[in-house]
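Residues per chain are reported as follows:
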Amino acid sequence: MRADGFLLDPGVTYLNHGSYGACTVEVFEEYQAWQRRLERDPHDFFTRRFDDLTRAARESLAAFLGAGTDDLVLVPNATSGLNAVLRSLDLAPDDEVLTTGHEYGAILRTLEFIEASVVVAEPEDLAGRIGERTRVVLVSHVTSPTALVLPVEEICSAARAAGALAVVDGAHAPGQVPLDLDAIGADVYAGNCHKWLCAPKGAGFLWARPEHQGWIAPLVISWGYREDADFGERHGWQGTRDPAAYLSIPRAVEAHAAFDLARMSRLADDAEARLDAMGLPRVPGAPAPFMRAIEIPAGDPEELALRLFEEFRIEVPVFTWGEQVILRFSIGPYNDEADVERLAEALAVIL
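No experiment lies behind these values; they were computed from the predicted model shown.

**Some points on helix α11 (residues 261–277)**
Inference 1: Taking 1.5 Å per residue as the helical rise, α11 with its 17 residues ought to reach 24 Å, and the 25 Å between its terminal C-alpha atoms agrees with that figure.
Inference 2: Listed as buried for α11 are Met264, Leu267, Ala268, Ala271, Glu272 and Leu275. End-on, the buried residues of α11 take up no more than an arc of 140°, which puts them together on one face.
Inference 3: In this fold, the buried residues of α11 make contact with β9 (291–296), β12 (324–330) and α13 (337–350).
Inference 4: Positive phi appears at Gly279, one or two residues downstream of α11, with a value of about 85°.

Here it is, written out as structure tokens:
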């Protein structure tokens, strides 16, 4: 166990919190305690306790997100929640889904799967590109490949004014940027708890305005799917699956309150400045507080990522975005100045 209260390997400089998150020891112990409680009497847990326990988790998360409990359901991750929404759409051949080139690849593949007619625009042009054929506007709150905060309130307002469905992919938002879901103006919002909120993997949520909850079918049709069921019931029971990650969300919310978010943001700024001075600029736009995307000279991204890990024990993603090679570093609650120094020194050697 690391001295900072996380379970990450102390021999690795971990700068990839944005991909999979990381649990504190206390949250992970809570997670395992729920699993043990389940195994003591699975019948009692699932048949008598499940609904009340998951509702308590939803209440805690809803308060953190500025949302109503009845408007929010628990899902394994943001991709699952957005799949439920996108696969429930009834699109005509000439209906368009307007989005940006900064979206998460799995969501773009979901759009391919439903054979949507996709129109791509730059984030700053998105509101002005909404047209008569635009049925859905899909946008990330914090972009995954480029680590930018997009003006979702403005975009959602424009979409709804035009009669289009405003869908926000908030995978990287909870715990990184302040959230008030009722105030953002989205029709649908999906997010992760396992990233910046540091909950266990398998904890996410789907939020929808009441007028849109009826047509969103759960990915798993099970016992909660009946004519008079509400949003929570239809999406709540998904068969026999381990709910421990969901039930650990309240403890993750408590742990997150103790993180020094201002220090994390300053360290991200310092790291960005250090790399910029080396000729490695950030992707232009409004940067996420704890995550930055740096432009790297052309080369093999997989080779660079592998060398950083094998030769310098630095875990950081490097990938191609369009024609640009991107290195995206994340600052977690456990990172410090020495981690930034190791990354800068390693890049100086390799590049």
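Let's pick the thread back up.
**Points about the sheet that holds strand β5 (residues 134–140)**
Inference 1: The strand order across the open sheet built from seven strands is β2-β8-β7-β6-β5-β3-β4, with neighbouring strands paired in mixed fashion. Each edge of the sheet is formed by a strand with only one pairing partner; in this case those strands are β2 (72–75) and β4 (117–121). Within this sheet the neighbouring strands show an average axis-to-axis angle of 20°, counted without direction.
Inference 2: Two strands pair when backbone bridges link them, and strand β7 (residues 188–192) and strand β8 (residues 204–208) are joined in this way by five bridges, in the antiparallel orientation. Each bridged residue has a counterpart across the sheet, and for Tyr189 the counterpart in β8 is Trp207.

**Looking at the sheet that holds β12**
Inference 1: In spatial order, the strands read β9-β12-β11; together these three strands make up an open sheet with antiparallel pairing. Edge positions in the sheet fall to β9 and β11 (318–321), since each has one partner strand and no second. Each strand of the sheet is rotated relative to its neighbour by a mean of 40°, with strand direction disregarded.
Inference 2: Note that β9 and β12 share six bridges and pair antiparallel. Each residue of the ladder has a partner; that of Glu295, found in β12, is Ile326.
Inference 3: Packing of helix α12 (residues 301–312) onto the sheet brings it into contact with β9, β11 and β12, and relative to β11 it is tilted by some 160°.

The rules behind the values
- Residues numbered from 1 in each chain as written.
- Predicted model: local features only at pLDDT ≥ 70, side-chain atom pairs only at ≥ 80, totals over all residues.
- Heavy atoms only, no water.
- Helix = DSSP H or I, 4+ residues; strand = E, 2+ residues; numbered from the N terminus.
- Expected span 1.5 Å × (residues − 1).
- Buried < 20%, exposed > 50% of the residue type's maximum accessible area, 1.4 Å probe, protein only.
- Arc of directions from axis to C-beta.
- Contact = heavy atoms within 4.5 Å.
- Pairing = 2+ DSSP bridges.
- Axes fitted to C-alpha atoms, helices over the stretch in contact; angles between N-to-C directions.

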